[in-house]
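Reading the structure
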Amino acid sequence: MSTEWSPTSWQSRPAQQQPPYQDPQALGSALEQLAALPPIVVSWEVEKLREQLAAAERGEAFLLQGGDCAESFDDCQSDKIAQRLKILLQMSLVLTHGLKKPVIRVGRMAGQYAKPRSADTETRDGVTLPSYRGDIVNRAAFTAEDRTPDPNLLLRGYERAALTLNFVRALIEGGFADLHHPEYWDLGFVGHSPMKVEYERVVASVADGLEFFETISAKEVHQSLRAEFYASHEALILHYEQAQTRYIPRQSRWYNLATHFPWIGMRTAQLEGAHVEYCRGIANPVGVKIGTAMDADWLQRLVTTLDPNNEPGKLALIHRFGARDIESALPKAIQAVRATGHSVLWICDPMHGNTENSQSGLKTRRFENILTELEMAAEIHRSMGSHLGGVHVELTGENVTECTGGARGLSDVDLQRAYKSSVDPRLNYEQSLELALRLAGRSVLERRPARQRAS
Ligand code: PEP
Ligand code: CO
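Here's what I pulled together on the structure shown here. Residue positions are given per chain, counted from 1 along the sequence in the order it is written. Each chain gets a letter, beginning with A, and each ligand a number, beginning with 1, in the order they are written. This being a predicted model, a pLDDT of at least 70 is required before a residue's local features are given, and a value of 80 or more before pairs of side-chain atoms are given or counted; all residues contribute to the totals for chains, interfaces and linings. With hydrogens and water excluded, all non-hydrogen atoms of the structure serve as input to the side-chain values.

Notes on the coordination of the cobalt ion (ligand 2)
Taken together, C69 (SG), H352 (NE2), E394 (OE) and D424 (OD) make up the full set of protein donors to the cobalt ion (ligand 2), lying 2.0 to 2.4 Å away. Here a donor is an N, O or S atom found within 2.8 Å of the metal, or within 3.2 Å if the metal is Na, K or Ca; sites may look incomplete because water is not among the atoms. Read in sequence order, the donor residues for the cobalt ion (ligand 2) give the motif C-x282-H-x41-E-x29-D. Placement of the pair is C69 in the loop between β1 (62-67) and α3 (78-99) and E394 in strand β14 (residues 390-394), with a sequence separation of 325 residues. As far as the burial class goes, C69 and E394 line up, both buried. By the criteria applied, helices consist of DSSP H or I runs no shorter than four residues and strands consist of E runs no shorter than two, each listed in order from the N terminus. In this scheme, a residue with accessible area under 20% of its type's maximum is buried, one over 50% is exposed, and one in between is partly exposed, where area comes from a 1.4 Å probe on protein chains only.

Below, the structure written as structure tokens:
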């Protein structure tokens, strides 16, 4: 691979999953505007996240990355954003309490508007139109006008990403994430949830701990609890990512300032492809989805291409093998990466390898398979002297019925009731909280070792 990199060098590589924009002038004008608009995040936040991810890589912190499979423009509403933030805060509280280590919170949000598709076109009743690729590209309605990729949607996506993150930042700055007030994060239906008692026990225990500390130290623990929240999305539409890529002279590096933590999807992780080329030149931490089709050589070259300097916290491998295949695939992946001498952050995505069709034809995932994959991931990493540093989940703060199982025992029949996703099935509020409680409650994940006492 050539060593010359620039924000546009990806354009000389084969680029999968790019919208066929028909009007180069309209595209050029949208990109020019995007490039002139202020960034959504800033470089020192990206630096801070990279340091935190380095701690997760060493087993000293844990990453919780979650949100919708795809955000929609219509869902850019205060209630929906607050609900997503609330469930992530609740899960992170439960995980921090159980694991006794800091939890890094990263939303799949504020920019997660594009989706890879298995086919470029869709045919209905003899009519063939471009596939719907997410709200930042085109519209879902099946008309030629709606399906034509519209470069102006890149600007609408940028605006909604900025509005979303602005609201999240304001909530957090205003004390919404303060551990003294977990009641702010209560979702309306928590009262009816089978998870209520266990969750309230964790909240009470945290409140006791805080009170105890504040009593003996005569200090209020507030600054450290105003937790950070980071944004991530799949870096799919490379024109969009390129337009928000800036050189920061103080750091002497290029940053993607559309998000803190972009990732490369499994369909676009070709070594010679445009997505790997784009991501290798930015200073942000970068994730790559890893599936069973990737052999040792592919994996090793991804590692040395995307993180040539073996920088702590730089590269996250997000494995999504599925409960059935993880036992055979993960040990090989760990060995392959170890042979490079590089260190990476290992994250388990227990969603995308466990998708199946329900009897009614709806896409679903079983809670038990999701939990099993996570438990096996933790166990395999532990047994090989590696660390599972985080979890990547598709979830919503709403009361949907898209995944089956969990304490309420949702079945295939329940899927009809409140299935809202137009893409992948998400854990609902209760299932998300249950997942966090189950991971934190048993000795599934690695806890911080108790401090050695001086003799
Ligand atoms: C996703 O994260 O929604 C996705 C498409 O994942 P993957 O690239 O792992 O298939
Ligand atoms: Co998905």
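A word on the pattern of salt bridges
Take a side-chain nitrogen of Lys or Arg and a carboxyl oxygen of Asp or Glu: if they are within 4 Å of each other, that pair is a salt bridge. Counted under the stated rule, the structure contains 35 salt bridges. We note a salt bridge from K80 to D75, for which the minimum N-O separation is 3.2 Å. Judged by its relative accessible area of 23%, K80 falls in the partly exposed class. With a closest N to O distance of 3.2 Å, R438 and E434 form a salt bridge. With R438 and E434 both in helix α12 (residues 429-441), this residue pair falls four residues apart, about one helical turn. The class of E434 is buried, set by a relative accessible area of 7%.

Describing α3
A helix's residues, less one, multiplied by 1.5 Å, set its expected span. Counted at 1.5 Å a residue, the expected span for α3 with its 22 residues is 32 Å, and the 31 Å between its end C-alpha atoms agrees. For α3, the buried fraction is high: 16 of the 22 residues fall into the buried class. Residue K100 follows α3 closely and has a positive phi angle near 60°.

A look at the packing of helix α11 (residues 367-383) against α12
For any two helices packed against each other, the geometry comes down to the angle between their axes and how far apart the axes lie. Each axis is a line fitted through C-alpha atoms, taken for helices only over the stretch in contact, and angles between the N-to-C directions span 0 to 180 degrees. Two numbers describe how α11 lies on α12: the axes approach to 11 Å, and their chain directions differ by 30°. Read as a crossing pair, α11 and α12 show a hand that is right-handed. Contacts from F367, E368, I370, L371 and L374 of α11 reach α12 at Q431, E434, L435, R438 and L439. Two helices that cross are described as forming a left-handed crossing if the nearer one is turned anticlockwise from the farther one by less than a right angle, and a right-handed crossing if clockwise. We call two residues contacting when some pair of their heavy atoms lies within 4.5 Å.

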